[in-house]
Amino acid sequence: MVLSRAFAAASVASIVAASPLQPQHRQNATACAQVAASVATQTAPTPSVDAKLAYDCITSVSLHKDAALHLLEGVAPYFKWQSNTAWLKDPPKEYAEKVQPGIDVWGGLEEIKDKVESEEYANEFEFGFALYTLLQQTHDGHFVYVPDVVGSIFNWARPVPLVSVSSDGKELPKPYVYADVLAESYGNSTFTPSAVTKINGEDALEFLEAWAQRGSLQDRDALYNNVFYELATVSLGPVGSGIGTFAGSGRGKWAYPGAETELEFENGTSVTYTNTARVLVDLDGVTDGESLYKKYFSGATSTVAESPSNSTVPTSSASATPSATSIPAPGYPPAVYKEEHNLIGGYFLEDDYSDIAVLSVPSFVSLTSAEVPFQQVTEKFLVAAKAAGKTKLVIDVSANGGGTILQGYDLYKQLFPKSIGHAAYDRYRAFESTKLMAEYHSRLADSLPRELVDEDANETAYALQSDVIASPFNYLSDLNASDLNFPSWESKFGPFEKHGDEFSNLFHWNLSDVLTPLNSGGIYVHGYGPLANYTASPQPFANEDIVVVTDGYCASTCTIFSELMRQRQGIKYISLGGRSKEGITQAVGGVKGTNNYPWTYIQYLSELTITNLTSSDEEAAKLNATELGDYWDNVVFDRQAPGTSVNVNFRDGIRDDDETETPLQFVYEPADCRILYTKQMTVDVTAIWKAVADSAFGGKDHCVAGSLGGIRRSARRGS
């Protein structure tokens, strides 16, 4: 028996309404047959059809009331694990004004249920999209559920990616067609690119800001950046957010973009594109909406339960698994060292920037095979950089949606060997399910040694150790505010009332724990365990010689790393791009929750507690009569779009000195400096790094808002 294990971490709001969901029309009855016929003639691995035809097909699926109510009943137990529903409903004033307004998750779920009961939804897609949107509107990238009708049959796309760039790095950015900018950069364009002024007759900037709100991030400028093509996201290949949500990557693929997209340009020209739908399933035998429902939405197919990882990645936009071969990174120079999936890479700049080293970190892993190589890239690169005489370090975390929690800690500890060992405190919601797990996990843990078991020697003991002994429900797994073990499970669990809800006590990682490898992808964190001697190593770069740049996508583990960098060390952060508005923007725009839990893992833990952690049939039956018995039903997995994540944010991050104990998710933090994208930055990533180096260490300030404290070497680079 192989038991799932590990812990996941660490992308409030009402969003702009989705494209109107039209009532079912009579002509839709044959749309699915037309799609099936078209697909049958295509040889492409992923066939496509016109978006309008696909939309007519999917909206011809009638609402099945009883099944819809069953699904709503199934999701409710998992919603209880979402750590911040009370804060989402009533966020701090500054967050509501500058980031996103509040959203009542439980009220929204009840409203959807009422509409199903009264049959107000015109079709199954309208119901499914309402459920998906309820979670998406929280702008918490750890909180996601994509129903089958939304994500299993079609993905939507526009055939034209855009970029948002400033003409000179100072003027506010405008949107351009990426192909036009790329052609100009190679000198083979017969015209000068013209900015897009209108999209489907609407002001382009207003249209794109509204579209951006469909994303998973919380910060509006980070959401806006995610609309466009960006080198960092493209470098991640199938695990990145692709070519931008406008073109149908990331969350853009689940929102119907309409039949066509018309672009009008500053030079008076216009062009109209036909939007498409990628067909993800075999439609053999599908003749109408009802046959489509019976084949794919009636629970006939189940999503394979995902093994939870010790990662923090929010909803992946990927639809494939990365290959074992190195993934190309267009626009990047040759690396000194890099991980083969481009999850991390070290680079040296040249000529006037020959003292600059760049560590590009667009991910904190989540691929088992990459955990050790990821750590080793940093180790080797820092040694190589110092040997090569590099004195300044630029860290680029653009596109970083998170990953393995303790990889974030490890990177930080490699940069600051003698620094404090935790970022912020953690806590989780205290309710019946988590109370029972805390009690039962701790009871078993008290009877077993806390030592690392060889998986090959005793697979069952290893699994119990991973899921129970090393679990945050075990009071001995973490440290309290005084850096001591909790004396009992009750002292850790609480509950403690905050903001109208109940939570566990505050706790943080014990990086010296012998079970650390179970929570870190199999690595030890520098400065602890076998790597404890690393604390005697010299700090590779002085604090004032390090700067971090981000596109705002920084989420989950990336936000944990950033909390360490900014709060513990005072490292300056630069934000890139953003909306076409004056002023500073946030550098960290994604989910700041510190641990996501897949719903499959919650179900597994519930079943494990009932069946494996009880001493008799009577005790198991008694436990099954509690909330833990609510997780046996597989309807949420039967009705989940295959290949999508289904998560909650399990743990909040709480800053040490915050007496209000406000989750970091709701703390507004402007960057130190904002730099606008230029055309060159969309085709050559070193243009970004050089602008960052200039602003932080050189003779030219590219900041359009904020400051890095003055230019320290004005004689060195440019004017």
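Conventions used here
Residues numbered from 1 in each chain as written. Predicted model: local features only at pLDDT ≥ 70, side-chain atom pairs only at ≥ 80, totals over all residues. Heavy atoms only, no water. Helix = DSSP H or I, 4+ residues; strand = E, 2+ residues; numbered from the N terminus. Rg over C-alpha atoms; globule rule 2.2 N^0.38 Å. Buried < 20%, exposed > 50% of the residue type's maximum accessible area, 1.4 Å probe, protein only. Areas by Shrake-Rupley, 256 points an atom, 1.4 Å probe, with all protein chains shown as cover. Lys, Arg positive; Asp, Glu negative; His and termini not counted. Charge placed at Lys NZ, Arg CZ, Asp CG, Glu CD. Salt bridge = Lys/Arg side-chain N within 4 Å of Asp/Glu carboxyl O. Disulfide = S-S within 2.5 Å. Pairing = 2+ DSSP bridges. Axes fitted to C-alpha atoms, helices over the stretch in contact; angles between N-to-C directions. pLDDT = per-residue confidence, 0-100. Contact = heavy atoms within 4.5 Å. Phe/Tyr/Trp six-rings, centres within 6.5 Å; stacked < 30°, edge-to-face > 60°. Lys NZ or Arg CZ within 6 Å of the ring centre and 35° of its normal. Core = buried A, V, L, I, M, F, W, Y, C linked by side-chain atoms within 4.5 Å. Parallel < 35°, antiparallel > 145°, perpendicular 65-115°, else oblique. Left-handed = near helix turned anticlockwise from the far one by under 90°. Nonpolar A, V, L, I, M, F, W, Y, C, P; charged D, E, K, R; others polar. Expected span 1.5 Å × (residues − 1). Arc of directions from axis to C-beta. Patch = residues over 30% accessible without salt bridge, like charges linked within 9 Å, V, L, I, M, F, W, Y side chains within 5 Å. Polar contact = N/O pair within 3.5 Å; in protein donor to acceptor, adjacent residues only side chain to side chain.

1. Quick notes on the overall build of the protein
So, step 1. Within the protein, the secondary structure is distributed over 23 helices and 24 strands.
So, step 2. Taking 2.2 N^0.38 as the reference for a compact globule, 719 residues should give roughly 27 Å; the C-alpha atoms of the protein span a radius of gyration of 25 Å, in line with that estimate.
So, step 3. Seen through its principal axes, the protein has C-alpha atoms that stretch 80 × 75 × 50 Å.
So, step 4. Counting over 719 residues, the protein shows a buried share of 60%.
So, step 5. With the model as given, the accessible surface of the protein reaches about 26000 Å², and the carbon-plus-sulfur share is 50%.
So, step 6. In the protein, 53 side chains carry a positive charge and 89 a negative one; their mean positions are 6 Å apart.

2. Thoughts on the pattern of salt bridges
So, step 1. All told, the structure shown has 27 salt bridges when counted by the stated rule.
So, step 2. Where Glu 94 meets Lys 98, a salt bridge forms, and the shortest distance between an N and an O atom there is 3.1 Å. Taken together, the positions of Glu 94 and Lys 98, both in helix H5 (residues 93-98) and four residues apart, correspond to about one turn of that helix.
So, step 3. Through salt bridges that share partners, Glu 563, Lys 592, Arg 655 and Glu 669 make up one connected network.

3. Examining the state of the cysteines
Here a disulfide denotes a covalent bond joining the sulfur atom of one cysteine to the sulfur atom of another.
So, step 1. Here the structure, examined in full by the defined rule, presents three disulfides.
So, step 2. Covalent S-S linkage joins Cys 32 and Cys 57, the inter-sulfur distance amounting to 2.1 Å. Measuring handedness by torsion sign, the sulfur bridge of Cys 32 and Cys 57 sits at about 95° and is right-handed. In this pair, Cys 32 is assigned in helix H1 (residues 31-40) and Cys 57 in helix H2 (residues 51-58), connecting sequence segments 25 residues apart. There is no split in this pair, since Cys 32 and Cys 57 are both buried.
So, step 3. With cysteine numbering restricted to those in disulfides and following the sequence, the protein has the pairing 1-2, 3-4, 5-6.

4. A short note on the sheet that holds strand S22 (residues 647-654)
So, step 1. Across the sheet, three strands lie side by side as S14-S22-S21; this open sheet has antiparallel pairing. With partners counted over all chains shown, the strands left at the sheet margins are strand S14 (425-428) and strand S21 (595-598), one partner each. Going from strand to strand, the sheet's axes swing by 30° on average, the running direction of each strand aside.
So, step 2. Relative to S22, S14 runs antiparallel, the two sharing four bridges. Opposite Tyr 428, over in S22, you have Arg 651 as the bridge partner.

5. Considerations on the confidence of the model for the protein
So, step 1. Per-residue confidence for the protein gives a mean pLDDT of 90, with 91% of residues at or over 70.
So, step 2. Here residues 1-28 is a poorly scored stretch, pLDDT under 50, and it has 130 contacts once near neighbours within four places are set aside; other chains count.
So, step 3. In this model, residues 300-324 is a region of pLDDT below 50 whose contacts with residues beyond four sequence positions or in other chains number 99 contacts.

6. Focus: the packing of aromatic side chains
So, step 1. If you walk through the whole model with that rule in mind, you get 41 aromatic pairs.
So, step 2. Ring geometry for Phe 79 against Trp 106: centres 5.9 Å apart, planes inclined by 65°, an arrangement best described as edge-to-face. Within this pair, whereas Phe 79 is found in helix H3 (residues 65-79), its partner Trp 106 is found in helix H6 (residues 105-117), the two being separated by 27 residues in sequence.
So, step 3. On the basis of an interplanar angle of 35° and a centroid distance of 5.6 Å, the ring pair of Phe 348 and Phe 381 is categorised as tilted. Taken together, the residues Phe 348 in strand S11 (residues 345-348) and Phe 381 in helix H14 (residues 371-387) connect sequence positions 33 residues apart.
So, step 4. An aromatic cluster of at least three residues, connected via ring pairs, comprises Trp 81, Tyr 428, Phe 431, Phe 473, Trp 489, Phe 493, Phe 507, Tyr 597, Tyr 601, Tyr 604 and Phe 650.
So, step 5. In this arrangement the basic side chain of Arg 158 is found over the ring face of Trp 211, its NZ or CZ atom lying 4.4 Å from the centre.
So, step 6. Sitting over the ring of Phe 507, Lys 492 keeps its end group 4.4 Å from the ring centre.

7. Looking at the sheet that holds strand S19 (residues 546-550)
So, step 1. The strand order S10-S11-S12-S13-S19-S20-S23-S24 describes an open sheet built from eight strands, whose pairing is mixed. Single-partner strands in this sheet number two, and they are strand S10 (337-338) and strand S24 (705-706).
So, step 2. Pairing of S19 with strand S20 (residues 572-576) involves four bridges; the strand directions are parallel. Bridge pairing in S20 places Val 549 opposite Ile 574.
So, step 3. Strands strand S13 (392-396), S19 and S20 of the sheet are contacted by helix H19 (residues 557-569), whose axis makes an angle of about 130° with S20.
So, step 4. Sitting on the sheet, helix H23 (residues 685-697) is in contact with S11, strand S12 (356-360), S13, S19, S20 and strand S23 (673-675), with an inclination near 130° to S13.

8. Topic: the nonpolar core
So, step 1. Counting 82 residues, the largest nonpolar core has Val 361, Leu 393, Ile 395, Tyr 409, Leu 415, Phe 561 and Met 565 as its most contacted members.
So, step 2. Element by element, the count of residues in this core is highest for H23, at nine residues.
So, step 3. Of all hydrophobic cores here, the second largest spans 68 residues; its members include Leu 72, Val 116, Ala 438 and Tyr 604.

9. Section: H2
So, step 1. Where burial is concerned, most of H2 is hidden: seven out of the eight residues are buried.
So, step 2. Inspection of H2 places Ala 51, Leu 53, Ala 54, Tyr 55, Asp 56, Cys 57 and Ile 58 among the buried residues, and these make up the whole buried set.

10. Focus: the packing of helix H15 (residues 405-415) against H19
So, step 1. The N-to-C vectors of H15 and H19 enclose an angle of 30°; their axes lie 8 Å apart at closest approach. When the axes of H15 and H19 are compared, the pair comes out roughly parallel. As for the relative orientation of H15 and H19, their crossing is right-handed in sense. For the pair H15 and H19, the contacting residues are Ile 405, Gly 408, Tyr 409, Leu 411, Tyr 412 and Leu 415 in the first and Thr 557, Ile 560, Phe 561, Leu 564, Met 565, Arg 568 and Gln 569 in the second.
So, step 2. Looking at the contact of H15 with H19, its residues break down into nine nonpolar, three polar and one charged.

11. Focus: H6
So, step 1. The terminal C-alpha atoms of H6 lie 18 Å apart, and with 13 residues this matches the ideal 18 Å at 1.5 Å per residue to within 8%.
So, step 2. Considered for burial, the residues of H6 that qualify are Val 105, Gly 108, Leu 109, Ile 112 and Val 116. Along the long axis of H6, the arc covered by the buried residues comes to 100°, so they all point the same way.
So, step 3. Residues of H6 that are buried in the fold lie against H3, helix H4 (85-89) and helix H7 (124-136).

12. Overview of the environment of Leu 476
So, step 1. Structurally, Leu 476 is set in the loop between helix H17 (459-469) and strand S15 (478-479).
So, step 2. Separated by 30 residues in sequence, Leu 476 and Asp 446 place their C-alpha atoms 8.8 Å apart.
So, step 3. When neighbours within four sequence positions are excluded, Leu 476 is seen to be in contact with Asp 446, Arg 450, Asn 485 and Phe 486.

13. Overview of the pairing of strand S8 (residues 270-274)
So, step 1. Direction of pairing for strand S7 (residues 260-265) relative to S8: antiparallel, over a ladder of five bridges. Paired with Leu 263 across the bridge in S8 is Val 271.
So, step 2. What sits between S7 and S8 in their antiparallel hairpin is a turn of four residues, with Gly 268 showing a positive phi close to 90°.

14. Things to note about a negative patch on the surface
So, step 1. Together, Glu 73, Glu 432, Asp 630 and Asp 633 give the surface a local cluster of negative charge.
So, step 2. Within the fold, Glu 73 resides in helix H3.

15. Let's talk about the environment of Ser 575
So, step 1. With respect to the helices and strands, the residue Ser 575 is situated in strand S20.
So, step 2. In the structure, Ser 575 is positioned 490 residues away from Thr 85 in sequence and 28 Å away in space, judged by C-alpha atoms.
So, step 3. At a separation of 2.6 Å, a polar atom in the side chain of Ser 575 contacts the side chain of Thr 585.

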